[in-house]
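# Report on the structure
Here's the letter readout for the chains.
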Amino acid sequence: MFRTVCAIGGASITAAEELGQGYYQVVINWFGGWHHGQPEKAEGFCYVNDCVLAIRQLRNYFSRVLYIDLDLHHGNGVESAFYQSSAVLTYSVHKYETGFYPGGGGVDSIGEGKGRGYSVNIPLRNGADDTTLTRVTDETLDTVVERFKPEAVVCQCGADGVSGDPHQAFSYTASGLSRVVSKVVSYNRPTLLLGGGGYNHPNVARTWTTITADLLHTDLSNEEIPDHKYFTDYGPGFEMKITASNIKNENDSSYLDSVINSVNNNLDLIKL
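Overview of the structure.

### Quick look at the overall build of the protein chain
A tally of helices and strands in the protein chain yields 8 helices and 6 strands. In the protein chain, the succession of helices and strands from N to C terminus is α-β-α-β-α-β-β-α-α-β-α-β-α-α. Taking 2.2 N^0.38 as the reference for a compact globule, 272 residues should give roughly 19 Å; the C-alpha atoms of the protein chain span a radius of gyration of 18 Å, in line with that estimate. With the C-alpha coordinates aligned to their principal axes, the bounding extent of the protein chain is approximately 55 × 45 × 35 Å. In the protein chain, buried positions account for 52% of the 272 residues. If you sum the accessible surface of the protein chain, you get close to 12500 Å²; carbon and sulfur atoms cover 50% of it. Taking the average location of the 20 positive side-chain charges in the protein chain and that of its 31 negative ones, the two points are 7 Å from each other.

Written out as structure tokens, the structure reads:
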């Protein structure tokens with residue numbers, strides 16, 4: 001366990017240091033993104049919160065760090081670490097309903113004290129798809145960047161909202177999640193990309209490979225899975241493409257309007 005924690009945390013700290021030193025503009029640690037870990041205990045399968053460690057390392061070089069969480073679950077461990085800070089803004093898009101772990105992340109959770117306004121939560125209902133994700137990020141994230149003016153970005157790219165995950169909660173595709181990540185990178189700040197949740201392992205691999213390929217301007221959409229040790233896990237299609245499921249999207253326009261308006265109103269609290 002100690003070696004595992006050191007590997008996860010050490011990789012993200014090292015990645016942050018590479019960004020801080022200016023060696024790279026984008027660094028990826030797909031083994032990172034363990035966003036539920038708490039200071040005094042493990043939580044939600046997370047025995048270390050490498051997201052927080054990376055952000056703290058980045059703060060040695062950058063005054064303001066934006067944390068973006070695209071996982072199915074609310075990034076509670078990261079939010080709580082910086083809930084009273086105006087130097088780190090946390091932005092989480094996640095499933096939110098009674099009884100769903102970790103239980104927080106309502107639109108009214110906006111931070112406290114000096115951090116009031118610096119926690120942004122976009123709670124979604126079951127069935128969110130690429131269109132849902134694109135809309136909420138397009139209509140809020142630009143404003144976050146404009147108001148907060150981050151000098152560096154950490155983006156957790158959890159894949160448990162991707163179609164085919166055992167949670168069966170959201171219906172993202174790899175290309176849909178990748179479009180949002182590309183948008184994040186387009187802000188042209190030093191950016192750390194982390195992994196996160198995902199319990200359909202072949203689809204997690206497809207998703208993170210797609211994101212990496214898109215950032216390298218390499219089209220893999222029509223490619224087949226190459227032969228390797230776990231090839232049979234990718235059946236029956238053995239393709240890179242992930243098709244959206246037919247789960248009902250309960251995020252109607254009026255609900256999304258309400259969430260987006262609340263988020264943008266809360267951003268008025270940001271004072272630099």
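### Regarding the sheet that holds strand β1 (residues 26-29)
As summarised here, the arrangement of the 6 strands in space is β1-β6-β5-β2-β3-β4, forming an open sheet in which the pairing is parallel. Taken across any chain shown, the strands that pair with only one partner, and hence form the sheet edges, are β1 and β4 (119-124). In this sheet, neighbouring strand axes are inclined to one another by 10° on average, regardless of whether the strands run parallel or antiparallel.

### Observations regarding unusual backbone geometry
Along the chain, Tyr 101 connects to Pro 102 via a cis peptide bond; the corresponding omega equals 0°. One can find Pro 102 in the loop between β3 (88-95) and β4. The peptide bond linking Gly 235 to Pro 236 adopts the cis configuration, its omega dihedral lying at 5°. Mapped onto the fold, Pro 236 is located in the loop between α7 (201-215) and α8 (253-266). Although it is not a glycine, His 217 sits at a positive phi angle of roughly 55°. Along the chain, His 217 falls in the loop between α7 and α8. The exposure class assigned to His 217 is exposed, which follows from its relative accessible area of 75%. Of note, the phi angle at Phe 238 is positive, near 55°, even though the residue is not glycine.

### Considerations on the environment of His 35
Looking at the secondary structure, you find His 35 in the loop between β1 and α2 (50-58). We classify His 35 as buried; its relative accessible area is 3%. Along the sequence, His 35 and Lys 149 sit 114 residues apart, while their C-alpha atoms lie 23 Å from each other. In this structure the side chain of His 35 is engaged in a polar contact, spanning 3.1 Å, whose partner is the side chain of His 36.

### Notes on the layout of surface pockets
In this structure, the largest pocket encloses a volume near 420 Å³. The wall of the largest pocket is formed by 22 residues, among which Trp 34, Gly 196, Gly 197, Gly 198 and Tyr 199 lie closest to the centre. Classifying every residue of the lining of the largest pocket by side-chain character gives 9 nonpolar, 11 polar and 2 charged. In this structure, the second largest pocket occupies an estimated 260 Å³ of space. If you trace the second largest pocket, you find 14 residues lining it, with Asn 203, Arg 206, Tyr 234, Gly 235 and Lys 241 closest to the centre. For the lining of the second largest pocket, the class distribution of residues is 5 nonpolar, 5 polar and 4 charged.

### Quick notes on the pattern of salt bridges
In the structure shown here, the tally under the stated rule is 8 salt bridges. The salt bridge involving Glu 151 is made with Arg 64; its shortest N-O contact spans 3.8 Å. With Glu 151 in the loop between α5 (141-148) and β5 (152-156) and Arg 64 in the loop between α2 and β2 (65-69), this pair connects stretches of sequence that are 87 residues apart. When the shortest N-O distance is used, the salt bridge between Asp 130 and Arg 179 registers 3.8 Å. Residue Asp 130 is found in helix α4 (residues 130-138), and its partner Arg 179 is found in helix α6 (residues 174-185); the two are separated by 49 residues along the sequence. On the basis of relative accessible area, Asp 130 is assigned to the buried category, the value being 13%. For Arg 179, a relative accessible area of 47% translates into the label partly exposed. Salt bridges sharing partners connect three or more residues here, namely Arg 135, Glu 139 and Asp 257.

Criteria and thresholds
- Residues numbered from 1 in each chain as written.
- Predicted model: local features only at pLDDT ≥ 70, side-chain atom pairs only at ≥ 80, totals over all residues.
- Heavy atoms only, no water.
- Helix = DSSP H or I, 4+ residues; strand = E, 2+ residues; numbered from the N terminus.
- Rg over C-alpha atoms; globule rule 2.2 N^0.38 Å.
- Buried < 20%, exposed > 50% of the residue type's maximum accessible area, 1.4 Å probe, protein only.
- Areas by Shrake-Rupley, 256 points an atom, 1.4 Å probe, with all protein chains shown as cover.
- Lys, Arg positive; Asp, Glu negative; His and termini not counted.
- Charge placed at Lys NZ, Arg CZ, Asp CG, Glu CD.
- Pairing = 2+ DSSP bridges.
- Axes fitted to C-alpha atoms, helices over the stretch in contact; angles between N-to-C directions.
- Polar contact = N/O pair within 3.5 Å; in protein donor to acceptor, adjacent residues only side chain to side chain.
- 1 Å grid on protein atoms, 1.4 Å probe; cavity = no way out; pocket = protein on both sides within 12 Å on 5 of 7 lines; lining within 4 Å.
- Points joined across faces, edges and corners; volume = space filled by probe spheres on them.
- Nonpolar A, V, L, I, M, F, W, Y, C, P; charged D, E, K, R; others polar.
- Salt bridge = Lys/Arg side-chain N within 4 Å of Asp/Glu carboxyl O.

In short, shape yes, function no, at least from these values alone.
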